[in-house]
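Analysis of the macromolecular model
Below are the chains, spelled out letter by letter.
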Amino acid sequence: MKKYVSLTFAALLLSLALSGCGSNNVPQTPPSVQTDDGEQQNASKEPQIGLQQFSTEDFQGNAITQDILADYDLTMVNIWATWCGYCIEEMPELQKLSESLPENVNLITICTDAEQNKDLAEKILEQSNATFLTLMGSSSLEEGLTRYVTGFPSTVFVDKEGNLVGQGISGVPAQGADIAPAYLKLIEDCLASMKE
């Protein structure tokens, strides 16, 4: 049984690696198995995908860790790059979304190429009037999350411990002014699934 579950997880990672921009394949929680004593346990020795442990900086040089998640039931994490046209186009809608989030929900973004293109990333955020927190990429963010991303933008949802919640998406969920409402619907779905 363990061999089957390990092979299933390996197939999941391979499909993530082969998927392209705009697909719905984004990181999901690895499969778990029930142990003899009834406990759920991660089926592989691979690290759990998510934001359970990370350290990085924001664009002002402030140290940021997974502690930023603790005050919210749910955090939407949008992963983008400065060379991605769709990422740039959706930034103003992300700002609109951030202004209409429920109190128990937060929005952060991770710019995966900010270390190389910080000036450009800052310009993109400034032109979008972005007030949400944007993180620089880091080795710990890559280890836990961004290395599994195969399309930009990608969005995942995490709980206050950094565990993935619900379905993430790769690509933009709608067009134009429908982007913010589409993300809000995904947030509502995630919050509902957390109550089940």
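Structural data are supplied above this passage.
Residues numbered from 1 in each chain as written. Predicted model: local features only at pLDDT ≥ 70, side-chain atom pairs only at ≥ 80, totals over all residues. Heavy atoms only, no water.

**A few points about the overall build of the chain**
- Scanning the chain from terminus to terminus reveals five helices and nine strands.
- Starting at the N terminus, the α and β elements of the chain follow one another as α-β-β-β-β-β-α-β-α-β-α-β-β-α.
- Burial analysis of the chain (196 residues in total) assigns 45% to the buried set.
- Taking the intrachain contacts of the chain between residues at least 6 apart in sequence as the baseline, contacts between residues at least 24 apart amount to 72%.
- On the chain, roughly 10,300 Å² of surface is accessible, and the fraction owed to carbon and sulfur atoms is 49%. (Helix = DSSP H or I, 4+ residues; strand = E, 2+ residues; numbered from the N terminus. Buried < 20%, exposed > 50% of the residue type's maximum accessible area, 1.4 Å probe, protein only. Contact = heavy atoms within 4.5 Å. Areas by Shrake-Rupley, 256 points an atom, 1.4 Å probe, with all protein chains shown as cover.)

**Considerations on unusual backbone geometry**
- Backbone torsion omega between Phe152 and Pro153 reads -10°, so that peptide bond is classified as cis.
- The residue Pro153 is located in the loop between α4 (139–144) and β8 (154–158) in this model.
- Even without glycine at this site, Asn129 takes up a positive phi of about 55°.
- Assignment of secondary structure puts Asn129 in the loop between α3 (118–127) and β7 (133–136).
- Look at Asn129 and you get exposed, because its relative accessible area is 58%.

**Regarding the nonpolar core**
- If you look at the biggest cluster of nonpolar residues, it comprises 47 residues, and the most contacted ones within it are Leu51, Leu74, Met76, Val77, Trp80, Leu145 and Ile187.
- For this core, the secondary-structure elements that each account for two or more residues are β5 (74–80), α2 (85–98), β6 (105–111), α3, β7, β8 and α5 (179–195).
- Counting residues per element, this core draws most heavily on α5, which supplies six residues.
- The contacts of Val77, once residues within four sequence positions are left out, are Leu51, Ile108, Ile110, Leu145, Ser154, Thr155, Val156 and Val158. (Core = buried A, V, L, I, M, F, W, Y, C linked by side-chain atoms within 4.5 Å.)

**Concerning the layout of surface pockets**
- Its boundaries defined by the atoms lining it, the second largest pocket holds a volume of some 150 Å³.
- Lining of the second largest pocket is provided by Asp58, Phe59, Gln60, Glu122, Leu125, Glu126, Ala130, Phe132, Leu133 and Thr134.
- At three residues, α3 tops the list of elements feeding residues into the lining of the second largest pocket.
- Of the residues belonging to the lining of the second largest pocket, the class tally is five nonpolar, two polar and three charged. (1 Å grid on protein atoms, 1.4 Å probe; cavity = no way out; pocket = protein on both sides within 12 Å on 5 of 7 lines; lining within 4 Å. Points joined across faces, edges and corners; volume = space filled by probe spheres on them. Nonpolar A, V, L, I, M, F, W, Y, C, P; charged D, E, K, R; others polar.)

**Looking at the pairing of β6**
- In terms of burial, β6 is a largely internal element, seven of the seven residues being buried.
- Side chains of β6 alternate between two faces, with Val105, Leu107, Thr109 and Cys111 and Asn106, Ile108 and Ile110 buried alike.
- Of the strand pairs in this sheet, β5 and β6 are connected by seven bridges, and their pairing is parallel. Bridged to Asn78 within β6 is Thr109. (Pairing = 2+ DSSP bridges.)

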